[in-house]
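Spelled out, the chains give:
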Amino acid sequence: MTAPFTRRAFLGTTGVTATALGVGLTGAAPAAARTPAPHTPKLSPLPLSAVTLLDGPFRDNMARTCAYLKFIDPDRLLHTFRLNVGLPSDAQPCGGWEAPNVQLRGHSTGHLLTALAQAHANTGDEEHAAKGRHLVAELARCQAAAPAAGFTPGYLSAFPESVFVQLEAGGNPWAPYYTIHKIMAGLLDQYRLSGNRQALDVLKGMAAWVETRCSRLDEATMQRLLHVEFGGMNDVLAELYLLTGDPVHLRTARRFDHEEVFGPLAEGRDALAGLHANTQIPKIVGAVREYEATGIDRYHRIAAFFWDTVVHHHMYVIGGNSNEEFFGPPGELVSRLSDANCENCNSYNMLKLSRLLFMHDPSRAAYMDYYEQTLHNQMLGEQDPDSEHGFCTYYTGLWPGSQRQGKGGLVSAPGSYSSDYDNFSCDHGTGMETHTKFADSIYFQSGDALYVNLFIPSEATWERHGVRIRQETAYPKAETTRITVTEGEGDFALKLRVPGWLGARGQHARIRVNGAAVPVQAHPGRYATIERRWREGDVVEMTMPMAPVWRKAPDNPHIQAITHGPVVLAGALGDREPNTFPAIDPRSLRETGEPLRYTARADGAEVTLMPFAEVHHQRYTVYWATPAPRRGPRLVAHYALDGTLKDATGTWADAVLAGGAALAEDGGVALNGTGAHVVLPRGLITGLDELTVAVRVRADTLTNNARVFDLGFNRRTFFYVNSRTGSGRTRFSMRTYGMEGEDFADASGTLPVGEWLHVAVVVGGDSAVLYFDGAEAGRKDGLIMSPLVLGATSQNFLGRSQDSRHPYLHGRVRDFRIYDHALDAAAIRDLHASQS
Ligand SMILES: [Zn+2]
């Protein structure tokens, strides 16, 4: 842990003396503390106390959150802490996740401690420090009263310690260590950023309590307990160790190493699918701290691999991850869109992780490219610009028609904003933190270099070189940022992050010093280094040319988002709720003359595109359907399945027999109804906005929901024909994840039993028609969706459903074909005749 704040900047804002602080001040480390870090980061941020935000959206957001921090009544947040240890409180109880009967109560007090410390460090406003001191002093009283209340010494919580007894006994209470972590992290920040010594004492007491509880557990019990979300317990304890040097703190931290999650990551395996995202991210942040504390490279490997995996395989274009809070299979993104994507806490924690990894590996500008992308799109946008108190949403939904509006801010009302006292969700809490630390990661320092990472208007003091700088920019509404040395002089390197997004159009940044071009390398995704003797009045300008860039979704090249520089442009839909992805004509994109505002034609009407973070109090879309080039008519794939598994078109890999499926002597594949199925290659129907699927099938038993074929990603993204629905009809159906309802066509009856039937589905021209033996058996006109939005389906099955709860088909299949166009009725008759 390098100096978290400079002496001058810190003393200038608080007047507290260095000796009162104990540790952390440059050149003032007291004898009691040592820094036992074998892997001190190569960089440290310029502290919050040395950076001031200038006018702009980041400062506006911060001001709203600071107003809330001043407004909120600490006694209401202390109410349940006091009652828990028998101290009197007549405060009005809070609502939401702080209500007296909610297990998570107390977590917001932790977030508040951090937010107050950050706001104080950044603004110097003594009111934030005083509120922090009051909270810490009252929490200390609660902690001191714990033994008398029958709790283990050091215990500090708003719920009784018996919850931990339940947890250790194998119960599944709602995340008790998660809440303890928030309080501990808040106390740590009160100490580090506001110089509150009492906060450190209370924190040490809590750490001792954790060790008391956990040291009694055997390894297997401890690992089992780690299944319950525990926030970043390893993080805060390792950080505490880096401050105190007390080996017990490190030992306690490492008890929270969750091997079930760490193991695959250490081996470089992505096993994240199906895991609750925000349960994992904080423990990975902790792994970096443990790397710093121990020097054990495995911790770094775990964290770096996790970051790469999430950013490259689980991230939506706004920088967020998760659908309904969970990671999906790698690369499956627009096949998992809903109004509950991108829990905001996940990104709050991913930014922490990126920042730490960057500090260890400053040559990887990708960490800060990600930081910028997420900050400008998701974090800036999570807060309601029209709320005086900086209310935040919980999720950032990305299904077309998701919204940010309304009140509630909880899981039950995705996209609605939080409130003063009736919400207190995790995202309300991390929102308080996010919006008070925008000044934190703009500038980093090493011994002889100053890094400029973010282009946010600000002033900064680089104490080490006695230099002050001022950064002025309207970025990303303007392409240029201008940095002026306003005080001091010295020999050092100025390192400017050249954003990786420039590379999408093969462009470089242009850099000028005092109006003249300088011969520096300015490659996208790297740092441009300018070394010289800097003097007062020197001006550096970096220009980053911006233009719209279409970004294909990894699982569907015909679903795209539009970015402009670091910003995602979203369609502002007002009250309109599209059924599925609006179809946009990319050639219709027009500038409006206002920065970052465009218009385009989508679904036949004009739509306004604007920075995603600015879309509030209405519905929006980030992803659009874009037209596929017409290539046909052609046969896309043909698996005869007559003694061969080959695709007769020569395009695709062989079909794979699974679960006991076998090629039958007399033709076709035999399916036993108990697991046998055929797996076809992924991507078979990619880019088809109309298509025909045909197959011959013999059902030997009819079971509800068994599939003849099912091409999809998951149980909400599919294109299938089944043998029978509950209402006794064979059904064709297609749907994509976030859609309400589905497009389906029912036959009047079912597949015959024990007889071969030629089944075809033709989708095109706004209709879907189901054919049996060359004759129309069912149809749906006025389709909601196009098969184009299904994308590169990863699970293409014959005889098996996307839904693992459904039975397998019992019978035979053969002669499976896909055409890239809608065959007409005569062609289907011919096909039936030729396939018979
Ligand atoms: Zn959350």
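Each chain has its residues counted from 1, running along the sequence as written. At least 70 in pLDDT is required for a residue's local features to be given in this predicted model, at least 80 for side-chain atom pairs to be given and counted, and no such filter applies to totals for whole chains, interfaces and linings, which use all residues. The basis for every side-chain value is the complete set of non-hydrogen atoms in the structure, without hydrogens or water.

Caption draft 1: Here's a closer look at the overall build of the protein chain. Secondary structure is summarised from DSSP: a helix means a run of H or I of at least four residues, a strand means a run of E of at least two, and numbering begins at the N terminus for each. Secondary structure summary: the protein chain contains 19 helices and 36 strands in total. Values of the radius of gyration come from C-alpha atoms, whereas the globule rule sets the reference at 2.2 Å times the count of residues to the power 0.38. At 30 Å, the protein chain has a C-alpha radius of gyration in line with the 28 Å of a compact globule built from 836 residues. Only protein chains enter the accessibility calculation, which uses a 1.4 Å probe; a residue whose area is less than 20% of its type maximum is buried, one above 50% is exposed, and one in between is partly exposed. Out of the 836 residues in the protein chain, the part that is buried amounts to 63%. Only the protein chains shown count as cover for residues, and the accessible areas themselves come from Shrake-Rupley with a 1.4 Å probe. Counting only carbon and sulfur atoms, one obtains 49% of the accessible surface of the protein chain, whose full area is about 28,500 Å². When charges are counted, neither His nor the chain ends are considered; positive counts come from Lys and Arg and negative counts from Asp and Glu. Working definition for charges: the position is that of NZ of Lys, CZ of Arg, CG of Asp or CD of Glu. With 79 positive and 91 negative side-chain charges, the protein chain shows a spacing of 2 Å between the two charge centroids.

Caption draft 2: Structural view of the sheet that holds strand β5 (residues 449–452). Two strands are counted as paired when DSSP detects at least two bridges linking them. Strand order in the open sheet made by the five strands is β1-β4-β5-β9-β12, with mixed pairing throughout. If you trace the sheet from one side to the other, it starts and ends with β1 (44–45) and β12 (526–534), each paired once. Alignment of strand β4 (residues 443–445) against β5, held across three bridges, turns out to be antiparallel. Bridge pairing links Q445 to L450 in β5.

Caption draft 3: Inspection of the sheet that holds strand β30 (residues 731–735) at higher detail. Strand order in the open sheet formed by seven strands is β23-β26-β35-β28-β29-β30-β31, with antiparallel pairing between adjacent strands. Looking along the sheet, the strands with just one partner apiece sit at the ends: β23 (656–658) and β31 (743–746). Between one strand and the next, the sheet's axes are offset by a mean angle of 15°, whatever the strand orientation. Across four bridges, strand β28 (residues 707–714) lies against strand β35 (residues 795–798) in antiparallel orientation. Within the sheet, the bridge partner assigned to L711 lies in β35 and is N796. Lines fitted to C-alpha atoms define the axes here, with helix axes fitted over just the stretch in contact, and angles between the N-to-C directions of these axes take values from 0 to 180 degrees.

Caption draft 4: Summary view of the coordination of the zinc ion. Note on the zinc ion: its protein donors are E343 (OE), C345 (SG), C426 (SG) and D427 (OD). The metal-donor distances range over 1.9 to 2.3 Å. On the primary sequence, the residues serving as donors to the zinc ion are separated as E-x1-C-x80-C-D. With C345 in helix α16 (residues 344–360) and D427 in helix α18 (residues 426–434), this pair connects stretches of sequence that are 82 residues apart. Here the two residues C345 and D427 agree in accessibility, since each one is buried. Coordinating donors are taken to be N, O and S atoms lying within 2.8 Å of the metal, or within 3.2 Å when the metal is Na, K or Ca; because water is excluded from the atom set, some sites may appear incomplete.

Caption draft 5: Looking closely at unusual backbone geometry. In this structure, the amide linkage connecting Y475 to the following residue, P476, adopts the cis form with an omega of 0°. Within the secondary structure, P476 is located in the loop between β7 (467–473) and β8 (480–487). In this model, S322 sits at a positive phi of 90°, which is unusual for a non-glycine residue. Mapping S322 onto the fold places it in the loop between α15 (297–313) and α16. Even without glycine at this site, F424 takes up a positive phi of about 55°. Overall, F424 belongs to the buried group, its relative accessible area being 0%.

Caption draft 6: Region of interest: the pattern of salt bridges. We define a salt bridge as a contact between a side-chain nitrogen of Lys or Arg and a carboxyl oxygen of Asp or Glu at a distance within 4 Å. For the structure shown, the criterion picks out 49 salt bridges. The partner of R255 in a salt bridge is E211, with the nearest N and O atoms 2.7 Å apart. In this pair, R255 sits in helix α12 (residues 247–255) while E211 sits in helix α9 (residues 197–215), placing the two residues 44 residues apart along the sequence. Taking the relative accessible area as the measure of exposure, R255 reaches 22% and is therefore partly exposed.

Caption draft 7: Structural view of the packing of aromatic side chains. In summary, the pairing rule links any two rings of Phe, Tyr or Trp, Trp by its six-membered ring, whose centres are within 6.5 Å, and it sorts them by plane angle into stacked for under 30 degrees, edge-to-face for over 60 and tilted for everything else. Within this structure, the stated rule accounts for 33 aromatic pairs. An angle of 80° between the planes, with centres 6.4 Å apart, marks the rings of Y68 and F391 as edge-to-face. Of this pair, Y68 sits in helix α3 (residues 57–71) while F391 sits in the loop between α17 (366–379) and β3 (402–404); the two residues are 323 residues apart in sequence, bridging distant segments of the chain. What makes Y68 buried here is its relative accessible area of 1%. Here, a charge over a ring is recorded when the distance from Lys NZ or Arg CZ to the ring centre is within 6 Å and its angle to the ring normal is within 35 degrees. Sitting over the ring of Y178, K182 keeps its end group 4.1 Å from the ring centre. The ring of W534 is capped by R532, whose NZ or CZ atom sits 5.1 Å from the centre of that ring.

Caption draft 8: Region of interest: α17. Its 14 residues place the ends of α17 18 Å apart at the C-alpha level, agreeing with the 20 Å of an ideal helix rising 1.5 Å per residue. Burial within α17 is extensive, with twelve of its 14 residues counted as buried. The set of residues buried in α17 consists of Y367, M368, D369, Y370, Y371, E372, T374, L375, H376, N377, Q378 and M379. Helix span is expected to be 1.5 Å times the residue number reduced by one.

Caption draft 9: Geometry of the UniProt feature "domain: Non-reducing end beta-L-arabinofuranosidase-like GH127 middle" (unreviewed entry) in the protein chain. UniProt positions are given in the numbering used here, feature names are shortened, and annotations may be inferred rather than shown by experiment. Taken from the UniProt record, the annotation "domain: Non-reducing end beta-L-arabinofuranosidase-like GH127 middle" (unreviewed entry) applies to residues 450–546. Regarding residues 450–546, the helix share stands at 0% and the strand share at 54%, and the terminal C-alpha atoms are separated by 25 Å.

Caption draft 10: Structural detail: the packing of helix α5 (residues 107–123) against helix α6 (residues 126–144). The contact between α5 and α6 brings their axes to 8 Å, and the two run at 150°. The way α5 lies across α6 gives a crossing that is left-handed. From α5, T109, L112, L113, L116, A119, H120 and T123 reach across to α6, where they touch E126, H128, A129, K131, G132, L135, V136 and L139. Looking at side-chain class alone, the contact of α5 with α6 contains eight nonpolar, five polar and two charged residues. Crossing handedness is read from the near helix: turned anticlockwise from the far helix by less than a right angle, it gives a left-handed crossing, and turned clockwise, a right-handed one. Two residues form a contact once any of their heavy atoms are found within 4.5 Å. When residues are sorted by character, Ala, Val, Leu, Ile, Met, Phe, Trp, Tyr, Cys and Pro go into the nonpolar class, Asp, Glu, Lys and Arg into the charged class, and all the rest, Gly among them, into the polar class.

Caption draft 11: Layout of the side chain of N278. Considering the arrangement of structural elements, one finds N278 in helix α14 (residues 277–294). Under the relative-accessibility criterion, N278 is labelled buried at 2%. Not counting residues up to four positions away in its chain, the partners in contact with N278 are E229, E325, E343, C345, N346 and N349.

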